[in-house]
Amino acid sequence: MVKLLLKFNAAVIKEIPFEKDEYTVGRKPENDIVIDNPAVSGRHARIFRQAGAYVVEDLNSTNGTFLHDRKILKANLHHKDEVGIAKHALVFINDEEAKSPPPASLPAVSSDATVVISAMAPAAAKAEAKEKELVGGLRVVTGESSAGQFSLTGLTTYIGKSEQANIKLKGFFAPDLAACVARKSDGYYLKVIKERSVKLNGNVLEDQAKLQEGDLVEVANLKLVFYHQDAEGPLSG
């Protein structure tokens, strides 16, 4: 099955099965995929089938179309490729391609590229390994929640009052999905899903920020402190 997943920050907000030869993306309602955001052009981009392949093409948009954070005019799409349009993203899913065996050859490197291979000193290797053992947590300091603290062991932890949220918010005006914490190789990132609903250390967070030890996260009536712990150790009280 071939489909597109429309995401805002880290949250999937729509799934579009690829059932015709072309899908247009833009702010105007006549597009197949409408993104109501002033940073998105009226007709921003299109994704289409061509000679058995899938292609994304920018339609002279004002702010550009990106493939894995690289601005493109036209490019082929492969399984799990992510097309960036303003703060939104379209993830291309092709199950048939996913089942195919990976290519035997390594990717080509341009002749002007410089490849540096260095041996990591034992002490540095141990430090890096130790850092990877650390997992993050959020401890409730103010407000009501289902638990007093949460271990951030998953790739994504959602905060909101909806059923899919891992950290539940209470209150009629609390957003369904306000934010999420994404676990990456270099640490944890707090990402905004509902605009102007999240504060980090007392300041409104507009997009995303890397979390540091002791950071204060405020969402609705909930205040949480971010901390690290050993993956094998117990959560501290």
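Whatever comes next refers back to the structure up there.
Residues numbered from 1 in each chain as written. Predicted model: local features only at pLDDT ≥ 70, side-chain atom pairs only at ≥ 80, totals over all residues. Heavy atoms only, no water.

K.L.:
Mind showing me how you'd approach the sheet that holds strand β8 (residues 70-72) here?
P.N.:
In a beta sheet, neighbouring strands pair by backbone hydrogen bonds and run either parallel or antiparallel. Strand order in this open sheet of 6 strands is β2-β1-β11-β10-β7-β8, and the pairing throughout is antiparallel. A single partner strand is all that each edge strand has here, and the edge strands are β2 (11-17) and β8. The average angle at which neighbouring strand axes cross in this sheet is 30°, direction not considered. In this sheet, strand β11 (residues 88-94) lies alongside strand β10 (residues 82-85) in antiparallel orientation, the contact comprising 4 bridges. Looking at β11, one finds that V83 is bridged to L90. (Pairing = 2+ DSSP bridges. Helix = DSSP H or I, 4+ residues; strand = E, 2+ residues; numbered from the N terminus. Axes fitted to C-alpha atoms, helices over the stretch in contact; angles between N-to-C directions.)

K.L.:
Help me understand the environment of P17 in this model?
P.N.:
Turning to its location among the elements, P17 is positioned in strand β2. Along the chain, P17 and L4 lie 13 residues apart, while their C-alpha atoms are 6.3 Å from each other. Among all residues touching P17, those that are not within four sequence positions of it are M1, V2, K3 and Y23. (Contact = heavy atoms within 4.5 Å.)

K.L.:
Teacher, can you tell me more about the side chain of N37 here?
P.N.:
Here N37 lies in the loop between β4 (33-34) and β5 (45-50). Sequence-distant contacts of N37, defined by excluding residues within four places in its chain, comprise R27 and H88.

K.L.:
What is the right way to read the sheet that holds strand β14 (residues 156-160) from this model?
P.N.:
Pairing is mixed across the open sheet formed by 5 strands, whose spatial order is β15-β14-β16-β17-β20. Each edge of the open sheet is held by one strand with a lone partner, namely β15 (167-168) and β20 (208-210). Sheet analysis places strand β17 (residues 187-192) next to β20, joined by 3 bridges and oriented antiparallel. Within the sheet, the bridge partner assigned to K191 lies in β20 and is Q208.

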